[in-house]
Amino acid sequence: MSNNKVRKFVPRKKFCRFCADKNLVIDYKRPDILSQFVTERGKIIGRRITGTCAKHQRALTREIKRARQMALMYYTTVHSTEVKKKTMSI
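Residues numbered from 1 in each chain as written. Predicted model: local features only at pLDDT ≥ 70, side-chain atom pairs only at ≥ 80, totals over all residues. Heavy atoms only, no water.

Can you walk me through the side chain of Arg-68 in this structure?
For Arg-68, the position within the fold is in helix H4 (residues 54-69). It is Glu-40 that comes nearest to the buried, bridge-free Arg-68 among opposite-charge side chains, at 12 Å. (Helix = DSSP H or I, 4+ residues; strand = E, 2+ residues; numbered from the N terminus. Buried < 20%, exposed > 50% of the residue type's maximum accessible area, 1.4 Å probe, protein only. Lys, Arg positive; Asp, Glu negative; His and termini not counted. Salt bridge = Lys/Arg side-chain N within 4 Å of Asp/Glu carboxyl O.)

Structure, rendered in structure tokens:
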């Protein structure tokens with residue numbers, strides 16, 4: 001027998017970042033924290049992916065939507081200068 005051991009993939013246990021650190025507050029005025037839970041396309045990442053508990057995921061979603069409404073965060077991706085607006089030529 002060879003001495004090679006086969007290692008199986010063991011996923012790491014996901015934990016809620018907000019339950020672990022009580023000083024970390026979910027607030028719409030902190031887009032630096034909220035942007036970690038939004039994709040570059042502007043979609044809110046689900047709790048299965050982030051590991052956030054249900055209570056904090058609801059609060060996170062609410063605060064992301066508030067930050068978007070207050071124009072602290074984008075609804076969609078930032079358009080580059082290469083994107084040209086379609087104008088009607090008369």
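Just to check I follow, could you spell out the environment of Gly-46 for this structure?
For Gly-46, the location among the structural elements is in the loop between helix H2 (31-34) and helix H3 (47-50). When the C-alpha atoms of Gly-46 and Thr-61 are compared, they prove to be 9.6 Å apart, with 15 residues separating the residues in sequence.

Sorry, what's going on with the side chain of Glu-63 here?
As for its position among the elements, Glu-63 is in helix H4. Since its relative accessible area comes to 5%, Glu-63 is described here as buried. A polar contact of 3.0 Å, which involves the side chain of Glu-63, links it to the side chain of Arg-66. With residues near it in sequence (within four places) discarded, Glu-63 still touches Ile-26, Asp-27, Tyr-28 and Leu-34. (Polar contact = N/O pair within 3.5 Å; in protein donor to acceptor, adjacent residues only side chain to side chain. Contact = heavy atoms within 4.5 Å.)

Please clarify how the packing of aromatic side chains should be interpreted in this entry.
Two numbers describe a pair of aromatic rings. These are the distance of the centres and the angle of the planes. Counting across every chain of the model gives one aromatic pair. Note on Phe-18 and Phe-37: the rings are 5.6 Å apart at their centroids and 35 degrees apart in plane angle, and the pair reads as tilted. Of this pair, Phe-18 sits in helix H1 (residues 17-20) while Phe-37 sits in the loop between H2 and H3, placing them 19 residues apart in sequence. Judged by its relative accessible area of 3%, Phe-18 is buried. Residue classification places Phe-37 among the buried positions, given a relative accessible area of 2%. (Phe/Tyr/Trp six-rings, centres within 6.5 Å; stacked < 30°, edge-to-face > 60°.)

Please explain the nonpolar core as it appears in this structure.
The tendency in soluble globular proteins is for nonpolar side chains to be buried as a group. Core analysis: the largest hydrophobic core is formed by 12 residues, namely Cys-16, Phe-18, Ile-26, Ile-33, Leu-34, Phe-37, Val-38, Ala-59, Leu-60, Ile-64, Ala-67 and Met-73. Elements represented by at least two residues in this core include exactly H2 and H4. Broken down by element, this core gets its largest block of residues, four residues, from H4. Residue contacts for Leu-34: discarding those within four places in its chain leaves Ile-26, Asp-27, Tyr-28, Leu-60, Glu-63, Ile-64, Ala-67 and Met-73. (Core = buried A, V, L, I, M, F, W, Y, C linked by side-chain atoms within 4.5 Å.)

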